[in-house]
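Next come the chains, spelled out residue by residue.
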Amino acid sequence: MEPRVVSVKQAYELPIGTRITVRGWVRSRRDSKGVSFIELNDGSRFKSLQVVVPAGALTEEALHHITTGACISVTGTLVESPAPKQPVELQLESLHLYGTADSETYPMQKKGHSFEYLREIAHMRVRGNTFGAVFRLRNALAHAVHQFFQERDFLYIQTPIITGSDCEGAGAMFRVTTLDLENLPRTPQGTIDWSQDFFGKPTYLTVSGQLEAEIFALAFGKVYTFGPTFRAENSNTPRHLAEFWMIEPEMAFYELEDNAQLAQEFLQSTIRYVLDHCQEDLEFFHQRIDNTVLETLEHVATSPFERITYTEAIQILQKAERDWEFPPVWGNDLQTEHERYLTEEAFKKPVIVTDYPREIKAFYMRLNEDGHTVRAMDVLVPRVGEIIGGSQREERYDVLLERIRESGLNEQDYWWYLDLRRYGSAPHSGFGLGFERMMMYITGMKNIRDVIPFPRTPGNADF
RNA sequence: UCCCGGGUAGCUCAGUCGGCAGAGCGAGUGGCUGUUAACCACCAGGUCGCAGGUUCGAAUCCUGCCCCGGGAGCCA
């Protein structure tokens, strides 16, 4: 009977004595006199499979090519391992070499590398322990996100990546054009004639699907987006990317309190999912990346978040005995040092801050009865800072129009957004969550460039 | 974009006062009858980020640029 072709993950679940074929990449080879050991990893789980090459099973020449990085297929029998580090190992019968990896030039060594170096070899770093764990976890978390919303009857919508509105107000945008930049068409007035561009008008990569999600929320009730967004900000920090993935739920008939409750349940539920499904990878992060992640995740998954208003936050910060670089003053936005203090020291857990001054928040956030705060909320978590930003949206036509005008925006650009308030308006709320920031929070990874497959940052779009 | 710190062997780094370019790891070679980031021995390996300048002489001092990291701002 032909041996079953299985993954390393499956191999560990099969009974002793099963004949199998496993294919993957060599992590390392250790030779002793008469016996060799191959660590074979195929990405299916963190742990590799130890392949035992008995004396004489392979020629000296064949063994010579089984180096770190080589791709092989191995057929053999699962046997109990005499050593304690693994329950089973594969006793080799035959081996096929798919692709060699010249050890003189192969950039991944058996020993550890710095993340900075690994970023320069993003096509190879995925074959290592850390990035294996990162991307298996990223996959599980993406699944958990969809599961969370689908179980609650949210409609998944795909908002456009190319947008004609330059008014989403969430930051600088990348222009999308097919015009010949060496020879731009001009109007009689000498300005660029965008009517000759592909879409007949200026277009950009989206910075948020929120406004489009509101359209769908006011027809389907509860919706969410999960897709790439783009910011052309010259941000050089471990927390920012020019291209990142954002999750944006939008719910009709939700007020700010419902919104905050959903945000908390979302984080708790998805974290519970990865705790239940990614134990092996999380243990690696706990041991090698940040030895607080497991306790933190358990704690977050079970205990309620702190909720305070912006005004209360300012009072707490002003009472704190500490030298602020920027002393907290009502009316100014919370600085990074303030946010960190609140979540890392004052409460030591996720904090939801609500009701910010209208002047420092976006025009679409619902104005409170006091007239000077809006129904905004930020969810702050230790280490990462702001992980969620959201609000109850302004559903009153007159108030929204006034806010657009006082923000210096062109109301004609928002004609369809205003229409949502002219026809069948309803209270509604939503938030945006940075998927990579959540990845950082869960894994303990310190740089956002190491939790996305191919990071885009100012000056860097390799791979 | 601003403020710091850095760029030396494949990787991680040391390099004193301006005076012959170093270590560990990795790779290679050899050894070892069961290894676990195996171990032991030997050996090779350099555009000192780039371009100028000062000097008898520059990895080292000066100027400009590029790249990387940390902090800040912008935000998710």
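Structural data are supplied above this passage.
1. Side note on the overall build of chain A
Secondary structure assignment for chain A yields 13 helices and 17 strands. The principal-axis extent of the C-alpha atoms belonging to chain A is close to 85 × 60 × 45 Å. Buried residues in chain A amount to 51% of all 463 residues. Of the contacts made within chain A by residues no fewer than 6 positions apart, 66% connect residues no fewer than 24 positions apart. In chain A, 48 side chains carry a positive charge and 66 a negative one; their mean positions are 5 Å apart.

2. Digging into the pairing of strand E16 (residues 385-392)
Taking burial as the measure, the 8 residues of E16 include 6 buried ones, the bulk of the element. Bridge analysis of strand E15 (residues 373-381) against E16 gives 6 bridges, and the strand direction is antiparallel. Bridge pairing in E16 places Leu380 opposite Glu386. Here 5 bridges tie E16 to strand E17 (residues 428-434), and the two strands are oriented antiparallel to one another. Within E17, the residue paired with Ser391 across the bridge is Gly430.

3. Here's the deal with unusual backbone geometry
Positive phi values are uncommon outside glycine, yet Arg383 reaches one of about 75°. With respect to the secondary-structure elements, Arg383 resides in the loop between E15 and E16.

4. Overview of the pattern of salt bridges
Any two side chains of opposite charge can pair if their charged atoms end up close together. With the rule as written, the count across this model stands at 28 salt bridges. A salt bridge links Arg136 to Asp281; the shortest N-O distance between them is 3.0 Å. Here Asp281 lies in helix H7 (residues 279-289) and Arg136 lies in helix H4 (residues 129-151), a separation of 145 residues in the sequence. Across the pair Glu250 and Arg393 runs a salt bridge whose closest N-O atoms are separated by 2.8 Å.

5. Concerning helix H13 (residues 435-443)
The element H13 is extensively covered by neighbouring structure, given that 9 of its 9 residues are classed as buried. The set of residues buried in H13 consists of Phe435, Glu436, Arg437, Met438, Met439, Met440, Tyr441, Ile442 and Thr443. In the segment just after H13, Gly444 is the residue with positive phi, at about 80°.

6. Concerning the sheet that holds E16
If you walk across this open sheet you meet the 8 strands as E7-E11-E12-E17-E16-E15-E14-E13, and the pairing is mixed. The sheet is open, and its two borders are formed by strand E7 (155-156) and strand E13 (306-309), each paired with just one other strand. The sheet contact formed by strand E11 (residues 222-230) and strand E12 (residues 243-252) spans 9 bridges and is antiparallel. If you follow Lys222 over to E12, its bridge partner there is Met251.

7. Let's talk about the packing of H7 against helix H8 (residues 293-302)
At a closest axis distance of 8 Å, the pairing of H7 and H8 adopts a crossing angle of 125°. With respect to their mutual orientation, H7 and H8 come out oblique. For the pair H7 and H8, the contacting residues are Leu282, Glu283, Phe285 and His286 in the first and Val293, Leu294, Glu295 and Leu297 in the second. Residue classes in the contact of H7 with H8 are distributed as 5 nonpolar, 1 polar and 2 charged.

8. Points about the packing of helix H9 (residues 310-319) against helix H10 (residues 336-346)
Across the interface, H9 lies against H10 with an axial gap of 11 Å and an inter-helix angle of 80°. Here H9 lies roughly perpendicular to H10, going by the angle between them. Contacts between H9 and H10 involve Ala313, Ile316 and Leu317 from the former and His338, Tyr341, Leu342 and Ala346 from the latter. Counted by class, the contact of H9 with H10 contains 6 nonpolar, 1 polar and no charged residues.

9. Some words on the side chain of Thr457
Note that Thr457 resides in the segment after H13. Residues contacting Thr457, with those up to four places away along its chain left out, are His240, Leu241, Ala242 and Arg449.

10. Considerations on the environment of Lys361
Looking at the secondary structure, you find Lys361 in the loop between strand E14 (351-357) and E15. Residues Lys361 and Lys85, spaced 276 residues apart in sequence, show a C-alpha to C-alpha distance of 55 Å. When near neighbours in sequence (up to four residues on either side) are disregarded, Lys361 contacts Tyr356, Val374, Ala376, Asp378 and Arg403.

The rules behind the values
- Residues numbered from 1 in each chain as written.
- Chains lettered and ligands numbered in written order.
- Predicted model: local features only at pLDDT ≥ 70, side-chain atom pairs only at ≥ 80, totals over all residues.
- Heavy atoms only, no water.
- Helix = DSSP H or I, 4+ residues; strand = E, 2+ residues; numbered from the N terminus.
- Buried < 20%, exposed > 50% of the residue type's maximum accessible area, 1.4 Å probe, protein only.
- Contact = heavy atoms within 4.5 Å.
- Lys, Arg positive; Asp, Glu negative; His and termini not counted.
- Charge placed at Lys NZ, Arg CZ, Asp CG, Glu CD.
- Pairing = 2+ DSSP bridges.
- Salt bridge = Lys/Arg side-chain N within 4 Å of Asp/Glu carboxyl O.
- Axes fitted to C-alpha atoms, helices over the stretch in contact; angles between N-to-C directions.
- Parallel < 35°, antiparallel > 145°, perpendicular 65-115°, else oblique.
- Nonpolar A, V, L, I, M, F, W, Y, C, P; charged D, E, K, R; others polar.

Honestly, that's just the spatial picture; any functional story needs more than this.
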